[in-house]
Protein chains: 2
Amino acid sequence: MRRGDPATVTGDRSEWPRGSFVQAVEGVLDSFVDSRRPTVDTVGPVYAEAVEELRSFVLRGGKRIRPSFAWTGWLGAGGDPGGPDAEAVLQVCSALEFVQACALVHDDIIDSSLTRRGFPTVHVTFAERHRRSEWIGDPDAFGEAVAILLGDLALCWADDLIREADLPIETVRRVGPIWSAMRTEVLGGQLLDIAVEARSDDSLDAALRIDRYKTAAYTVERPLLLGGALADADPALLDVYRTFGADIGIAFQLRDDLLGVFGDPAVTGKPSGDDLREGKRTVLIAAALDVADRDDPAAAETIRAGLGTDLTSAQVDEMRALLFRLGAVDEVERRITTLTECALAALSGADVTPDAADRLVAMAHAATRRTT
Amino acid sequence: MRRGDPATVTGDRSEWPRGSFVQAVEGVLDSFVDSRRPTVDTVGPVYAEAVEELRSFVLRGGKRIRPSFAWTGWLGAGGDPGGPDAEAVLQVCSALEFVQACALVHDDIIDSSLTRRGFPTVHVTFAERHRRSEWIGDPDAFGEAVAILLGDLALCWADDLIREADLPIETVRRVGPIWSAMRTEVLGGQLLDIAVEARSDDSLDAALRIDRYKTAAYTVERPLLLGGALADADPALLDVYRTFGADIGIAFQLRDDLLGVFGDPAVTGKPSGDDLREGKRTVLIAAALDVADRDDPAAAETIRAGLGTDLTSAQVDEMRALLFRLGAVDEVERRITTLTECALAALSGADVTPDAADRLVAMAHAATRRTT
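Residues numbered from 1 in each chain as written. Chains lettered and ligands numbered in written order. Predicted model: local features only at pLDDT ≥ 70, side-chain atom pairs only at ≥ 80, totals over all residues. Heavy atoms only, no water.

An unreviewed UniProt entry lists chain A under the name Polyprenyl synthetase family protein, with Rhodococcoides corynebacterioides given as the organism. Recorded under Pathway (unreviewed entry), the UniProt text for chain A is reproduced unchanged: "Isoprenoid biosynthesis." For the record of chain A, the UniProt heading Sequence similarities (unreviewed entry) holds the text "Belongs to the FPP/GGPP synthase family." (UniProt positions renumbered as here; feature names shortened; annotations may be inferred.)

Rendered as structure tokens:
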């Protein structure tokens, strides 16, 4: 039996987004790729091989955090996991993973990343294939070209999944603007990220703005709203989702920023201090520079000179010590705490089903808690 | 008054896709970008500037050939340009231009093209901006990153336009599979194009397959079918559109291949013989090599050695002479003639409105006739 075959997962839907939810999402994605195979095969075996690479990439894990928030947003507004809409809702939730696949594949080109989830990135995979096969031309350019096209394909397929969920027209009218805004926002957040790095804008405002659009809106707020709109939530609940989503989303990114500098490589899957070597302009860094520019110009210079360079372990340790000493780590922890409290306060007053509220609280903690 | 304001174009709809059609399509695209500005502005001025670049790119011409075929497909199946559906149909037709914008912007990265329609390509525009502003990092990588994201945005906006046309659910069900197949096919065609070049596959079969999916299906066949589906055309007419579209689409690409080698730079906007320097694996080249491999190995070697290199004018002339001498030019002209005849024969037996039939005949000739 195929993974995620509806028959195997229907039984535990009341547990979702825990239990078999991730499996069910992967089942939808897998079946969807199957459904495109006739068209893909007509174009030819070269295309079919590339599409299988995209399938592997999409199925290769991740915590399906966006579908989980969307599903929970739907539950919270009264969606019935045993009801007739559940299948279509699962499909819409799953579509978020194709948007995410595009974002990751294209981001990996933009960042020249070599690995993703412990595997070679898509552009590296195809560059390697080109190199091994001794084809004509530049292997890296070939890898990038294929990855650009496969990212585009994932983006198209996200839309196909939504459209083929065959939602009632009123639901489409509610969901459409959220879906549309989400994608326009996340692309804006990504663009901002690149622009801010190019301009070496290390202001707190820029860092927070990127967190807002590249992460918070895209990862928590819009998925929750999407779920809410699917269940025709009332405006008051959508407002709560908006607040909760933005706050938890930013807190989640701030936790990720801390992990990117202080995290255990065994847990994060990235070399220790990787964000420092990559030169990411995070709120953590912005907060440190904010203090250092005022009180400790030498520290500011050390940070600016070191960021984005090939730091030794000793230099990484020095940077870490500076971030502590300047109070940036405490500042970020404080922000995480405040944001999480605000989010939970908004939720506690909301007309959300109790079961979903419990799950949102758990998800908020999971997304923002210390793990080191 | 804004370009394409509905009030200015409604009067001449009976002339479309001639007359004010191009203007009307551009009006839809322009207004659509306006409608996204609130979201874009929220993300920030950096994003707004980039989006204005995308707007200029999308409005900067092209013949709007895909919307024209879609509109004519709709007319041919009985669509009423004065009726209540015309506005939504125009919007769906216009969405094709956002798909095309993505295809061009991403293709220009893939081909490292410097100009498009007489202007710097999008990635070059942003690389230049980076260079001029003396930002940090590699200007070319920056330009590519922005162009990848703006291409993605165009692709998302294509879907937004379709969804916001607010078609009746039965129409969505008819149009959706065509829209979906079109995008999956064209990305496959592009991928094939890259793969074939990398593998130096100069077979006729490979060249024809690329023409089929990268051009014919995407430029003529699927737009016609989209128009037909919008008007709920009967299956017999859709079959005619399929044949007509595939044949005219391939003939159109074959004419383009000839122009790419023999065309007048003043007409094509590209340096003379550009396709030879770029090393495009066209049907023209495949046909020449097919004969040369059999009868004239020295000629085959000259072609293979010269293709994709920085040929002098004299070398371009020599290649051209070879393509004539080997009969490849005649072969391609014969194919164009046969395909056009087949397409017109299919059309002549079809139950298509006479006015639309006339236009399709005119469009077939315009797309495939000699212009040198």
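Structure's up, so let's keep going.
Colleague: What's the story with the overall build of chain A in this structure? I'm lost.
Modeller: A tally of regular secondary structure across chain A gives 17 helices and 2 strands. Compactness check: chain A gives a C-alpha radius of gyration of 21 Å against a globular reference of 21 Å for 372 residues, within 12% of the reference. For chain A, the spread of C-alpha atoms along the principal axes amounts to about 65 × 65 × 35 Å. Relative to its full complement of 372 residues, chain A shows a buried share of 59%. Taking the intrachain contacts of chain A between residues at least 6 apart in sequence as the baseline, contacts between residues at least 24 apart amount to 73%. With an accessible surface of roughly 14400 Å², chain A has 52% of that area assigned to carbon and sulfur atoms. A distance of 1 Å separates the average location of the 40 positive side-chain charges in chain A from that of its 61 negative side-chain charges. (Helix = DSSP H or I, 4+ residues; strand = E, 2+ residues; numbered from the N terminus. Rg over C-alpha atoms; globule rule 2.2 N^0.38 Å. Buried < 20%, exposed > 50% of the residue type's maximum accessible area, 1.4 Å probe, protein only. Contact = heavy atoms within 4.5 Å. Areas by Shrake-Rupley, 256 points an atom, 1.4 Å probe, with all protein chains shown as cover. Lys, Arg positive; Asp, Glu negative; His and termini not counted. Charge placed at Lys NZ, Arg CZ, Asp CG, Glu CD.)

Colleague: Would you mind showing me how to read the interface of chain A and chain B here?
Modeller: Where interface size is given, it is often the accessible area lost as the parts come together that is meant. At the interface, 59 residues of chain A touch 58 residues of chain B. Scanning the region where chain A abuts chain B turns up 6 salt bridges. With a closest N to O distance of 3.7 Å, D159(A) and R163(B) form a salt bridge. In this assembly, chain A and chain B are joined by 24 residue pairs in polar contact (both at pLDDT 80 or more). Contributing elements (two or more residues each) for the side of chain A that touches chain B: α2 (21-43), α3 (45-59), α5 (86-110), α7 (139-164), α8 (169-198) and α9 (204-230) of chain A. Looking at which element gives the most residues to the side of chain A that touches chain B, the answer is α8(A), with 20 residues. Each residue belonging to the side of chain A that touches chain B can be placed in one class, and the counts come to 32 nonpolar, 12 polar and 15 charged. (Salt bridge = Lys/Arg side-chain N within 4 Å of Asp/Glu carboxyl O. Polar contact = N/O pair within 3.5 Å; in protein donor to acceptor, adjacent residues only side chain to side chain. Nonpolar A, V, L, I, M, F, W, Y, C, P; charged D, E, K, R; others polar.)

Colleague: What exactly am I supposed to notice about the packing of helix α2 (residues 21-43) of chain B against helix α3 (residues 45-59) of chain B here?
Modeller: When two helices pack together, you describe them by how their axes are tilted relative to each other and by the distance separating the axes. Residue and element names in this part refer to chain B. α3 packs onto α2 with a crossing angle of 170° between their chain directions and a minimal axis gap of 10 Å. Taken together, the axes of α2 and α3 are roughly antiparallel relative to one another. Along the contact surface, α2 presents E26, L29, D30, V33, D34, R37, V40, D41 and V43, while α3 presents Y47, A48, V51, E52, R55, V58 and L59. Each residue belonging to the contact of α2 with α3 can be placed in one class, and the counts come to 9 nonpolar, no polar and 7 charged. (Axes fitted to C-alpha atoms, helices over the stretch in contact; angles between N-to-C directions. Parallel < 35°, antiparallel > 145°, perpendicular 65-115°, else oblique.)

Colleague: For this particular structure, what's the right way to read the side chain of R255(A)?
Modeller: Relative to the helices and strands, R255(A) resides in helix α10 (residues 235-262). Beyond its immediate chain neighbours, meaning those up to four positions away, R255(A) contacts E333(A), I336(A), A367(A), T368(A), R369(A) and R370(A).

Colleague: I tried to follow α9(A) on my own but got confused; where do I start?
Modeller: Turn by turn, an α-helix covers 3.6 residues, leaving residues three or four places apart pointing in a common direction. All names here are of chain A. Its maximal kink placed at A217, α9 deviates by approximately 60°. Most of α9 sits inside the fold, with 21 of its 27 residues counted as buried. Of the residues flanking the end of α9, it is D232, one or two places downstream, whose phi is positive at about 55°. (Bend = angle between axes of the 7 residues up to and from the residue.)

Colleague: Could you clarify how one ought to interpret the packing of aromatic side chains in this entry?
Modeller: Given two aromatic rings, one states the distance between the centres and the angle between the planes to describe the pair. Applying the stated criterion to the full structure yields 18 aromatic pairs over all chains. Measuring from centroid to centroid gives 5.9 Å for F98(A) and W157(A), while their planes differ by 80°, and the two rings are edge-to-face. In this pair, F98(A) is assigned in helix α5 and W157(A) in helix α7, connecting sequence segments 59 residues apart. Both residues of the pair, F98(A) and W157(A), count as buried. Centroid distance W16(B) to W71(B): 4.9 Å. Interplanar angle 65°. Geometry classified as edge-to-face. Taken as a pair, W16(B) in the loop between α1 (6-9) and α2 and W71(B) in helix α4 (residues 65-76) lie far apart in primary sequence, 55 residues in all. (Phe/Tyr/Trp six-rings, centres within 6.5 Å; stacked < 30°, edge-to-face > 60°.)

Colleague: Where do I start with the environment of G269(B) in this structure?
Modeller: Along the chain, the position of G269(B) falls in the loop between α11 (265-268) and α12 (274-278). When the C-alpha positions of G269(B) and L104(B) are compared, they lie 16 Å apart, and in sequence the two are 165 residues distant.

Colleague: When you look at the domain arrangement of chain A in this model, what are you seeing that I'm missing?
Modeller: Residues and elements named next belong to chain A. In terms of domains, chain A is made up of domain 1 (18-166) and domain 2 (173-372). Counting residues at the interface gives 26 residues for domain 1 and 28 residues for domain 2. Inspection of the domain 1/domain 2 interface yields 2 salt bridges. In this structure, the salt-bridge partner of R183 is D159, at a minimum N-O distance of 2.5 Å. Linking domain 1 with domain 2 are 9 residue pairs in polar contact (both at pLDDT 80 or more), by the criterion used here. Elements supplying a minimum of two residues to the side of domain 1 that touches domain 2: α4 (65-76), α5 and α7. Residue composition of the side of domain 1 that touches domain 2, by class: 15 nonpolar, 7 polar and 4 charged. (Domains from an automatic or database assignment.)

Colleague: Can you walk me through the packing of α5(A) against α8(A) in this structure?
Modeller: All names here are of chain A. α8 packs onto α5 with a crossing angle of 15° between their chain directions and a minimal axis gap of 12 Å. Classed by the angle they form, the pair α5 and α8 counts as roughly parallel. In the packing of α5 onto α8, the handedness of the crossing is right-handed. Here A95, L96, V99, A103, D107 and I110 of α5 lie close against α8, whose contacting residues are W179, M182, R183, Q190 and I194. Grouping the constituent residues of the contact of α5 with α8 by class yields 8 nonpolar, 1 polar and 2 charged. (Left-handed = near helix turned anticlockwise from the far one by under 90°.)

Colleague: What is the right way to look at the relation of the copies chain A and chain B in this model?
Modeller: Least-squares fitting of chain A to chain B yields an RMSD of 0.0 Å, with the transformation described by 0.0 Å of translation along the axis and a rotation of 180°. Such a combination of rotation and displacement between the chain copies is what one expects of a two-fold axis. Both copies present the same face, since 98% of the interface residues in chain A are matched by interface residues at the equivalent positions in chain B. (Least-squares fit on C-alpha atoms with pLDDT ≥ 70 in both.)

Colleague: When you look at the nonpolar core in this model, what are you seeing that I'm missing?
Modeller: A general feature of soluble globular proteins is that nonpolar side chains tend to end up buried together. Membership of the largest hydrophobic core comes to 205 residues, with the highest contact counts inside it found for W71(A), F98(A), W157(A), W71(B), F98(B) and W157(B). Contacts of F98(A), omitting those with residues within four sequence positions, involve L29(A), F32(A), V33(A), V58(A), A154(A), L155(A), W157(A), A158(A) and L161(A). (Core = buried A, V, L, I, M, F, W, Y, C linked by side-chain atoms within 4.5 Å.)

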